Each structure stands twice: as structure tokens, then as C-alpha cells.
There are 2 protein chains.
Amino acid sequence: MRAILGGMKIRGVLLDLSGVLYLADRVVPGAPEALARLRGAGLPLRFLSNMTRYPAARVREHLAGLGYRIGAEELFTPPRAVRGWLQAEGRRCRLLVHPRLEGEFEGLVDPAGDVLVVGDAAETFTYERLNTAFRALMDGAELVAMGDNRYFREPDGLSLDIGPFVHALEYASGRQARILGKPAAGFFHLAVADMGLAPDEVLMVGDDVESDVLGALEAGLQAALVRTGKYRPGDEQRLAGTPAWVADDLAAVVDRLLED
Amino acid sequence: MRAILGGMKIRGVLLDLSGVLYLADRVVPGAPEALARLRGAGLPLRFLSNMTRYPAARVREHLAGLGYRIGAEELFTPPRAVRGWLQAEGRRCRLLVHPRLEGEFEGLVDPAGDVLVVGDAAETFTYERLNTAFRALMDGAELVAMGDNRYFREPDGLSLDIGPFVHALEYASGRQARILGKPAAGFFHLAVADMGLAPDEVLMVGDDVESDVLGALEAGLQAALVRTGKYRPGDEQRLAGTPAWVADDLAAVVDRLLED
């Protein structure tokens, strides 16, 4: 492997999905070719998304429709991280997730489980479901959240993401959530370990300066911000004094990564 | 007025409702007679409740059904405080409250209002309504909340109160709520001013050590904790070093208040 960054070998790459590979239903120009060159260089990859409104199979279908073929083992999402964590700990969970995500936890669900898993349940965040979740926490269940993002952009405006609901449950119960999603260090570490690498051998590429780039740096990874997707001029100022790269797009990151 | 407490004259009394005057559908023993004696002494009274699931008329009807006749001007609730604040500031609001509370804001509602008023909307806290409220905040509306209680007790268990939803909106929008309900000092001050008195001339009587008693002390009032309602043994330990009274019930508070 010849990829070198600031004297440090890069042996694996984590890629954010939306804003790096595609935007809604269009690919980011140059991204498919850049990804092909990364694969050609033999670098192990993981695709990291905080999306917890859809199951992994549907995310991969969407990517395939855009021409991106992603292996099941390459897609690293919060549900996958939570499932691995539950299995490693030998624990069962109750769910407050979008109904179409319930299948991701098959065999791990128990109405008396001592873990409450919260995802972006969207319009299924009802008072009744939140109250049932709150009572589980008051019964002693541990709160595990698949992210704590504040909001995201939809065609008709900004919309509430998972974070506000996690904070509601934290405030009500007096407990703090374990976050298994970006930008939590534990989530990056699980993805890195999944490639059999150490954090400082891995480069995270994303368009979200906070969740992708600062989160990865905090977790001891290397990181690159791309000026596509949700990037806004000025975001790079938050990276002053850090070793993060800033590049126009994924193609520019790959150019630099693979140059001799 | 001869009521003296620690050398300080008491010229008016604020009374919490649930847990002091009644519990569900039963009066607290001795409370009706104690209240009659307070009235007989000519002390101005205000009844302070954070209940924002029902309009004032319904609260007064419930009290009347228990034998308590409370004048409309004596019931001081968060909707009344918010209404007064909106009128004083000359502002219009959007509402995220229980539908049966909407009538309390007649003439003050405007779909483009620059204040968002949040009450305990209970089962009408839906994702869609929370998202509409969030968008109002991102449009620049100020967040005014009628309390920030974490939860309350229902016959079948604990249930989420207004506070978790206020915190969700605060986290999502990055704004801080103005709280017009107990234990916010501003709320106690509005009730005290409504009697034409100064904070240190007024005694707050409640069963909630945090919201009623510590809140009132923090706002510069005098305060008494009663051992009825949600009182739990040990609550008085949180009052060590404060000038708060602790008494068995409202009757005991009134005994002490009116003794020579």
C-alpha cells in the first residue's frame, strides 16, 4: 500500500454516503470513477451512514440504482454497530425505531430487554411510543441511540432528526445515551476494527465538518472534508490547526491519496 | 395582617393545587377548612398550577366538584402568564399546545407570530407538530414554554410531561426556552405582582420540593413544604439550611401562619 498522508500510511478508507457519493438521486460528478480507483488500489473500504430510517438492504438498493455496488459487509450503519454491540454484550433490547428497521434486530428483541435502542423513527415518534420508551428507561433499561443529529434537510425544509428525541428521553429519565452513530468515537472505532485496522491508519471522507471530520479526528482517525453535499463555505475554518485535508470532492481526495 | 414568619410579615399566599388541596378525586383531609380560615384572615390568595392539559375553566370546575370555589382571578396558570406576557410585549404567537387549550390564546394567535408557545400537548405531541414547531424556531420565533417538568404520575405509571419536548426543541434549534411555569422565577414574580405584593411578602405552599419550594425560595419568596401529595420522606433534607417551613399538611401551615 503506497498511500501516504502527512507521513502516515493510509491503509483503509471510511466514506460517508450522501453528499460524497450522491445527492438525492444524482451521483456526485467524478465520484464513481474515484471510487473505482480506490478499489483498484486494493484499499479496504467501509461506507458509513447515520441513516436509520431505512434498512441496509434498501440503502444498498438505492446505491445500486445510482451505479454503486456496495458489498453487504462494506456498509457500516448504526443498526449494524448496535447489533454487534448487543451480541458482544449478550444483551436483548426493546426498540423505538422506524417499523421498517425492526427486521435489522431479529433475534435480539425482548419486551423485557435491558437495553432501549432508539433510531430515527420519523413520523412514528408518537407520544405513546416515546412514553413506553421512557418507562423502559425508568425500569432500568440502558439508552442506546443510533445517532444524535439535530436535523436534516428535506425538499420542503429542515426536519427533526433523531437527536432531539434522544435528548427528550435523556432529560426525562436523567440517564445519558450511549451513541452508536457518527460522530461518536465508539462508532468510528467499530468501523475501523471491522477492517482489522487501527484508527490512525484510516481516513474518513465526509461532507459534514462536525459529524464526519471533527468526529473522526476526535476518534484518532485521519479525515478529509469534501466541498460537496452539505458543505458550506467557511466550514474549513473549523478545521484550522487540525491535520484534516480539505478537497473539492471525492475525486480530489483520491488523487491525493493515490499520488506517489 | 398579623401573619409573621421568621420575623417577616406574610401578606399573601400562593397555593399549589394537586397534592395540597386534593389528590385525584379526593380532598386532602382538613384542607377545605384550612383554606376557609385563610380566606377568613383576609389574605389574598393565588392558586398556582403547571397543568397545561386543560383550560382554566375546566380546572375550576374540577375544584368546584371537590367543594373548592376558586375565583377566575385567583387561578394563576402558565397560559395566563403567557397571555399576559404576550399582551405586555405586544406580540403574537404560534401554538404547540393541547387542542383543548387553544381557546386560552384567542386573539393572540398568528400563523406568522414570532413567538412559539409550547404546552403539555400530551398525545398531540406528534412528529409533524413538533417539526412544524421546530421550523417556526428556525424561522426566528422565540420559544416560550409553559413549564419544564420531566414527568408526572398517572394511575398506570409515570408519563412524559412537557419538559422533554421543550428540551427536544431546544436541542434541535439551538435556542433556549423562556419558561413561564413553576419553578421559573419569572412565573412566581408574575403571580406575586398579580396580588400587588413583593416576593418576600408571599408564602408559597406546595408538595413538590423542587418545583414549588426550592423554586419559590430561588425567586425570593417564602415557602412551605407539605407532607401530602408527591412528598416523599427525605424531601425535607433538600431544604436544610434554607428558611423553608416543613409541615404535615395545609392545615398545619395555616395553623402556624395564623398563630399569634
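Computed from a predicted model, the values in this text were never measured in an experiment.

Caption draft 1: A look at the overall build of chain A. When you go through chain A residue by residue, the secondary structure sums to eight helices and 16 strands. Here chain A has a C-alpha radius of gyration of 18 Å; the compact-globule value for 260 residues is 18 Å, and the two agree. Counting only C-alpha atoms, chain A reaches 55 × 40 × 40 Å along its principal axes. Residue pairs at least 24 apart in sequence account for 62% of intrachain contacts in chain A once pairs closer than 6 positions are excluded.

Caption draft 2: The arrangement of the domain arrangement of chain A in detail. Residue and element names in this part refer to chain A. In terms of domains, chain A is made up of domain 1 (1-29 + 37-50 + 183-248) and domain 2 (84-179). Averaged C-alpha coordinates put domain 1 and domain 2 at centres separated by 26 Å. Contacts between the two partners involve four residues from domain 1 and, on the opposite side, four residues from domain 2. Among the residues making up the side of domain 1 that touches domain 2, the classes are represented as two nonpolar, two polar and no charged.

Caption draft 3: Examining the packing of helix α4 (residues 127-138) of chain B against helix α5 (residues 162-173) of chain B more closely. Residue and element names in this part refer to chain B. One way to put it is that α4 packs onto α5 with a least axis distance of 10 Å and a crossing angle of 45°. By the criterion of interaxial angle, the relationship of α4 to α5 is oblique. Viewed along their axes, α4 and α5 form a crossing whose handedness is right-handed. For the pair formed by α4 and α5, the contact residues are Leu130, Ala133, Phe134, Leu137 and Met138 on the first element and Phe165, Ala168, Leu169, Ala172 and Ser173 on the second.

Caption draft 4: View of the interface of chain B and chain A. Between chain B and chain A, the contact holds 25 residues from the first and 25 residues from the second. Broken down by secondary-structure element, the contributors of at least two residues to the side of chain B that touches chain A are α4, β12 (157-160) and α5 of chain B. With eight residues, α5 of chain B is the largest single contributor of residues to the side of chain B that touches chain A. Class assignment for the residues of the side of chain B that touches chain A results in 15 nonpolar, six polar and four charged.

The rules we used
Residues numbered from 1 in each chain as written. Chains lettered and ligands numbered in written order. Predicted model: local features only at pLDDT ≥ 70, side-chain atom pairs only at ≥ 80, totals over all residues. Helix = DSSP H or I, 4+ residues; strand = E, 2+ residues; numbered from the N terminus. Rg over C-alpha atoms; globule rule 2.2 N^0.38 Å. Contact = placed C-beta atoms within 7 Å. Domains from an automatic or database assignment. Nonpolar A, V, L, I, M, F, W, Y, C, P; charged D, E, K, R; others polar. Axes fitted to C-alpha atoms, helices over the stretch in contact; angles between N-to-C directions. Parallel < 35°, antiparallel > 145°, perpendicular 65-115°, else oblique. Left-handed = near helix turned anticlockwise from the far one by under 90°.

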